[in-house]
Amino acid sequence: MKKNIVLIVFLGFLMVMNGVLLFLVVKKPNQRHGPPREFISNQLDFNEVQTERFMELDREHHRKMRGFDNELRDRKEVLFSHLGDTDFSDKELDSLTKRISELSKAREMEVFRYFRQIEEICDTKQKQKLQRIVSGALRPGPPGDRPPPGGPPPR
């Protein structure tokens, strides 16, 4: 009989804990703001002309980024396919890693140019907001640990 009571109490405890966990997961506010393009457009409050230009920039940026990502993935697959290959020379390794670093550099330059182009379509107030958004995105740590793009809320 005592074993049954301990088992029932333990089972009840687990059910309550599952309920609390479910509540926390369901009620947790969504940290994501949707696709980055929507977040940027909404935060900067673009007018119709700015939105149209921004969407053109974003489409072109995503096309370029897909190209970089695809080639980077392909080069890394080639690199690691030679992991157990004893005939794979240091010269071949250097060549592949050099290409990977060139692609990574070009990718980062594209991201910088993309934000510079966004800045060009912004008015003065929007440029300040964009700077805060970019600064917030560059801070280390998980997004939940960062202050909102407009800075910390007033106390």
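Refer to the structure printed above.
Predicted, not measured: the structure shown is a model, and the values here were computed from it.

With that out of the way, let us pick up helix α2 (residues 36–44). Listed as buried for α2 are F39, I40, S41 and L44. In the core, the buried residues of α2 are packed alongside α3 (48–81), α4 (90–120) and α5 (124–138). Remark: D45 follows α2 within two positions and exhibits a positive phi of approximately 50°.

Okay, the packing of α2 against α5 next. The contact between α2 and α5 brings their axes to 9 Å, and the two run at 140°. Taken together, α2 and α5 sit at an angle that is classed as oblique. The two elements α2 and α5 cross, and the hand of that crossing is right-handed. Only Q126, K129, L130 and I133 of α5 make contact with α2, whose side of the interface consists of F39, Q43 and L44. When its residues are assigned to classes, the contact of α2 with α5 shows 4 nonpolar, 2 polar and 1 charged.

Moving on, we come to the pattern of salt bridges. A complete count under the given rule lists 7 salt bridges for this structure. Measuring nitrogen to oxygen at the nearest pair gives 3.6 Å for the salt bridge that ties K64 to E110. Taken together, the positions of K64 in helix α3 and E110 in helix α4 put the pair 46 residues apart, joining distant regions of the chain. Between E71 and R99 there is a salt bridge, with its nearest N and O atoms 2.9 Å apart. Placement of the pair is E71 in helix α3 and R99 in helix α4, with a sequence separation of 28 residues. For E71, a relative accessible area of 29% puts it in the partly exposed group.

Two quantities define a packed helix pair, namely the angle between the helix axes and the distance between the axes. Contact geometry of α4 with α5 gives a least axis separation of 9 Å together with a crossing angle of 155°. For the element pair α4 / α5, the angle class is roughly antiparallel. The handedness of the crossing between α4 and α5 is right-handed. Across from F115, I118 and E119 in α4, the residues of α5 making contact are K127, L130 and V134.

Reading the values: rules and limits
Residues numbered from 1 in each chain as written. Predicted model: local features only at pLDDT ≥ 70, side-chain atom pairs only at ≥ 80, totals over all residues. Heavy atoms only, no water. Buried < 20%, exposed > 50% of the residue type's maximum accessible area, 1.4 Å probe, protein only. Helix = DSSP H or I, 4+ residues; strand = E, 2+ residues; numbered from the N terminus. Contact = heavy atoms within 4.5 Å. Axes fitted to C-alpha atoms, helices over the stretch in contact; angles between N-to-C directions. Parallel < 35°, antiparallel > 145°, perpendicular 65-115°, else oblique. Left-handed = near helix turned anticlockwise from the far one by under 90°. Nonpolar A, V, L, I, M, F, W, Y, C, P; charged D, E, K, R; others polar. Salt bridge = Lys/Arg side-chain N within 4 Å of Asp/Glu carboxyl O.

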